[in-house]
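# Structural overview
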Amino acid sequence: MRQDHLISATQLSRADIEAVLDRAAEIDADTEAWHGRRRGEILGLCFFEPSTRTRMSFDTAMKRLGGRTIDMGSVESSSVKKGETLADTVRVVEGYADALVLRHPLEGSAKMATEFVDVPLVNAGDGAGQHPTQTLLDLYTMRENAGLDDVTVGIMGDLKYGRTVHSLASALTNFDVRQHFVSPESLRLPRSVRYDLHESGAQVREHTDLHDVLGDLDVLYVTRIQRERFPDENEYLKVAGEYQIDTDDLDAAKDSLTVMHPLPRVDEIAPEVDGTTHAKYFQQAHNGVPVRMALLDMLLENARTDTTGETNE
């Protein structure tokens, strides 16, 4: 994969995706063999929004590669509180690190930030925009459980504001995947996302009732209704709790159905589903470490090659 930054899943070809997933599988099979690969290198974590899995898995990934991380901390405890701009923040942190990971509440912020830095920058979520590393670990989980060709995937929940959905739907167009989108009318895919999917040759099949397609699905990707993205609390309350699944719902599903969720969940998947063979969302979260190890290793490898003309293997 030859990329300076990873901002959007639309950057990734099938070959790019498979290269990351293949390396992640190698790492997963023998993590200790990869210790020390990035010794002496530093990853800067710039999170302007709360995060548990993404922040911790990037931190773990870099440390398992033998590198170190620095963290700007919460917005409240940083110079952002004093009015520092995003451009100035990333310029400063670039001086301390060999690569940056950025999460920010404004869509387009990661792309803008790349205009001010020369080190690799990874988008860890920009508002309702994109979350490409989540997509890579989602694809890794799908490949391990259901495959990535000749499969039917249902994506349910908040399709309007869900950045994980926007990234995943785009990336799936690289594979032989039938996509179904299930949501309330008010949370349908944004027109721009539907347009891009059509331009990629995908057929966008939209539904308001999961049971219309549940029996056909090989993968069900569930997302929460994102309260923090709604401009109007009353609009959120109209759809909160509307799309939920429990074990009774899954009686109509294939025995081999893989149920995924980018987490955190609220009430959209009942805890009773956790004990079924369908539930793969905790495995999905754990997959964030080998996948992000693979991505960081490749980006830093490319950056070192671009700078010195040779790799540090």
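Coordinates for the structure precede this section.
Below is a summary of the structure that appears in this document. Residue positions within a chain follow its written sequence, with the count starting from 1. In view of the model being predicted, local features appear only for residues whose pLDDT reaches at least 70, and side-chain atom pairs are presented and counted only at 80 or more, with totals across whole chains, interfaces and linings using the full set of residues. To get the side-chain values, all heavy atoms of the structure are used, and hydrogens and water are removed first.

## Considerations on the overall build of the chain
Looking only at helices and strands, the chain features 10 helices and 9 strands. The burial tally for the chain puts 55% of its 313 residues in the buried class. Whether two residues are in contact is decided by their heavy atoms, any of which lying within 4.5 Å being enough. Expressed as a percentage of contacts within the chain between residues at least 6 apart in sequence, the contacts between residues at least 24 apart total 73%. Helix and strand definitions here come from DSSP, where helices need a minimum of 4 consecutive H or I residues and strands a minimum of 2 consecutive E residues; each element is numbered from the N-terminal end. Per-residue accessibility, obtained with a 1.4 Å probe over protein chains only, is compared with the maximum for each type, and a residue is labelled buried under 20%, exposed over 50%, and partly exposed between these values.

## Notes on unusual backbone geometry
A negative phi angle characterises most non-glycine residues, just as the trans form characterises most peptide bonds. Cis geometry is found at the peptide bond from Leu 263 to Pro 264, where omega equals 5 degrees. Tracing the backbone shows Pro 264 in the loop between strand S9 (258–260) and helix H9 (281–286). Its identity is not glycine, yet Asp 150 carries a phi of approximately 55 degrees, on the positive side. Note that Leu 263 resides in the loop between S9 and H9.

## As for the side chain of Gln 284
Tracing the backbone through its elements, the reader meets Gln 284 in helix H9. Residue Gln 284 is classed as buried on the basis of its relative accessible area, which comes to 1%. Identification of polar contacts relies on pairs of N or O atoms within 3.5 Å, with a donor-acceptor requirement for protein atoms, meaning one able to donate a hydrogen and the other able to accept it, and with residues adjacent in sequence counted only if both atoms are side-chain atoms. Engagement of the side chain of Gln 284 in a polar contact is seen with the backbone nitrogen of His 261, the distance being 2.9 Å. For Gln 284, the residues in contact, after removing those within four places along its chain, are Gln 134, Leu 137, Asp 138, Thr 141, Tyr 221, Met 260, His 261 and Pro 262.

## Things to note about the pattern of salt bridges
Salt bridge criterion: a side-chain nitrogen from Lys or Arg within 4 Å of a carboxyl oxygen from Asp or Glu. If you walk through the whole model with that rule in mind, you get 18 salt bridges. Between Arg 37 and Glu 301 there is a salt bridge; the shortest N-O distance is 3.5 Å. Residue Arg 37 is located in the loop between helix H1 (14–29) and strand S1 (42–47), and its partner Glu 301 is located in helix H10 (residues 288–308); the two are separated by 264 residues in the primary sequence. Residue class for Arg 37 comes out partly exposed when judged on its relative accessible area of 22%. Note that Arg 194 is salt-bridged to Glu 206, the shortest N-O span being 4.0 Å. Here Arg 194, found in helix H7 (residues 191–199), pairs with Glu 206, found in strand S7 (residues 205–207); they are 12 residues apart in sequence, far enough to count as distant. Of the residues examined, Glu 206 reaches a relative accessible area of 30% and is grouped as partly exposed. Through salt bridges with shared partners, a single ionic network connects Arg 23, Arg 37, Arg 38, Glu 41, Asp 297 and Glu 301.

## Focus: the sheet that holds S7
The parallel open sheet is built from 5 strands, whose spatial order is S7-S6-S5-S8-S9. Each edge of the open sheet carries a strand with a single partner, namely S7 and S9. Strand-to-strand twist of the sheet, defined as the mean angle between neighbouring strand axes without regard to direction, takes the value 20 degrees. In this analysis, strands are considered paired if DSSP registers two or more bridges between them. Bridging between strand S5 (residues 151–156) and strand S8 (residues 219–222) involves 4 bridges; their strand directions are parallel. Counterpart to Gly 154 in the pairing with S8 is Leu 220. A fitted line through C-alpha atoms represents every axis, and for helices the fit uses only the stretch in contact; the resulting angles, taken between N-to-C directions, go from 0 to 180 degrees.

## Re the sheet that holds strand S2 (residues 68–71)
The strand order S2-S1-S3-S4 describes an open sheet built from 4 strands, whose pairing is parallel. What marks the edges here is a single partner per strand, and that holds for S2 and strand S4 (121–126). If you compare each strand with its neighbour and ignore which way they point, the axes differ by 15 degrees on average. Pairing between S1 and strand S3 (residues 99–104): 5 bridges, direction parallel. Directly across from Cys 46, in S3, lies its bridge partner Leu 102. Along the sheet, helix H3 (residues 86–94) makes contact with S1, S2 and S3, crossing S3 at roughly 155 degrees.

## Thoughts on the pairing of S3
Each regular strand shows side chains that alternate between the opposite faces of the sheet. Most of S3 sits out of view: 6 of its 6 residues are buried. Alternating positions in S3 separate into two faces, Ala 99, Val 101 and Arg 103 on one and Leu 100, Leu 102 and His 104 on the other, with burial throughout.

## Quick look at H1
Helix length check: H1 (16 residues) gives 22 Å between terminal C-alpha atoms against 22 Å at 1.5 Å per residue, within 8%. Looking at H1, one finds that the buried residues are Asp 16, Ile 17, Val 20, Leu 21, Arg 23, Ala 24 and Ile 27. Buried residues of H1, seen end-on, are gathered within an arc of 160 degrees and therefore sit on one face of the element. Of the exposed residues in H1, the ones pointing more than 90 degrees away from its buried face are Ala 15 and Ala 29. Helix span, as expected, comes to 1.5 Å for every residue beyond the first. As used here, the arc belongs to the directions running from the helix axis to the C-beta atoms.

## Re helix H2 (residues 53–64)
Given a rise of 1.5 Å per residue, 12 residues ought to cover 16 Å, and the 16 Å separating the end C-alpha atoms of H2 matches this to within 8%. Listed as buried for H2 are Thr 54, Arg 55, Ser 57, Phe 58, Asp 59, Ala 61 and Met 62. Taken from the residues just after H2, Gly 66 is the one with a positive phi, measuring 95 degrees.

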